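Structural description and commentary
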Amino acid sequence: MNGGSCSSSMEVDYDHHHHHGHEELHVLAVDDNLIDRKLVEKLLKISSCKVTTAENAIRALEYLGLGDQNQHMDSLTNNVMKVNLIITDYCMPGMTGFELLKKVKESSNLKEVPVVIMSSENIPTRINKCLASGAQMFMQKPLKLADVEKLKSHLMNCRS
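Residues numbered from 1 in each chain as written. Predicted model: local features only at pLDDT ≥ 70, side-chain atom pairs only at ≥ 80, totals over all residues. Heavy atoms only, no water.

This paragraph deals with the overall build of the protein. When its secondary structure is counted, the protein shows seven helices and five strands. Tracing the protein from N to C terminus, the helices and strands come up as α-β-α-β-α-α-β-α-β-α-β-α. Here the protein holds 160 residues, and 42% of them are scored as buried. The contacts in the protein between residues at least 6 apart in sequence include a share of 60% that link residues at least 24 apart. In the form shown here, the protein has an accessible surface area of approximately 9100 Å², with 55% of it arising from carbon and sulfur atoms. (Helix = DSSP H or I, 4+ residues; strand = E, 2+ residues; numbered from the N terminus. Buried < 20%, exposed > 50% of the residue type's maximum accessible area, 1.4 Å probe, protein only. Contact = heavy atoms within 4.5 Å. Areas by Shrake-Rupley, 256 points an atom, 1.4 Å probe, with all protein chains shown as cover.)

Below is the structure:
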């Protein structure tokens, strides 16, 4: 009896995901705070995303093939690792999430990749600055699962 009920719930779950199950989102999550980074990673994984994390914007740029020393590898790196979304903290030492956003939007290869900025401070001028520079969305930290789900459905709608 148990077996039957188990398989039926599996089908429901599968049905829920099947229309974009084959298109797993690959998200690059950037945050200098380990606890915040782990939280974002966990939420994204619950939402069945593939996650790569970076502890600062410089690392993120290197991963994306935009580091100073690997400019010539640009096209190569982008083919190997297709990132569908970048989620970055705003306040980070060295380079802010806003500067990372601008670098991504300046890149011919990456400017189509949506960038979401998150911050624990709700500062309207900062939020507007980010959105005006091409950020997809501005999210208040700490992130909640509902935020991630909303973001994901928003992206799926944009892509279809």
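Quick look at the sheet that holds strand E3 (residues 85-89) now. Strand order in the open sheet made by the five strands is E2-E1-E3-E4-E5, with parallel pairing throughout. Two strands close off the open sheet at either side, each with one partner strand: strand E2 (50-54) and strand E5 (137-140). Neighbour-to-neighbour, the strand axes of the sheet open up by a mean angle of 20°, direction not taken into account. Bridging between strand E1 (residues 26-30) and E2 involves five bridges; their strand directions are parallel. By the bridge assignment, Val30 is partnered in E2 with Ala54. Across the face of the sheet, helix H5 (residues 97-106) comes into contact with E1, E3 and strand E4 (115-119) while running at roughly 175° to E4. Strands E4 and E5 of the sheet are contacted by helix H6 (residues 124-132), whose axis makes an angle of about 145° with E5. (Pairing = 2+ DSSP bridges. Axes fitted to C-alpha atoms, helices over the stretch in contact; angles between N-to-C directions.)

This part covers the UniProt feature "modified residue: 4-aspartylphosphate" (unreviewed entry) in the protein. Taken from the UniProt record, the annotation "modified residue: 4-aspartylphosphate" (unreviewed entry) applies to Asp89. Looking at the element boundaries, Asp89 is found in strand E3. Each residue touching Asp89, except ones within four places of it in the same chain, is listed here: Val30, Asp31, Asp32, Gly97, Met118, Ser119 and Lys141. (UniProt positions renumbered as here; feature names shortened; annotations may be inferred.)

Our next topic: the environment of His26. Tracing the sequence through the fold places His26 in strand E1. Taking the relative accessible area as the measure of exposure, His26 reaches 5% and is therefore buried. In this structure, the C-alpha to C-alpha distance between His26 and Asn84, residues 58 residues apart in sequence, is 5.2 Å. The contact partners of His26, leaving out residues within four places of it in the chain, are Lys50, Thr52, Tyr63, Lys82, Val83, Asn84 and Leu85. A polar contact of 3.1 Å, which involves the side chain of His26, links it to the backbone oxygen of Lys82. (Polar contact = N/O pair within 3.5 Å; in protein donor to acceptor, adjacent residues only side chain to side chain.)

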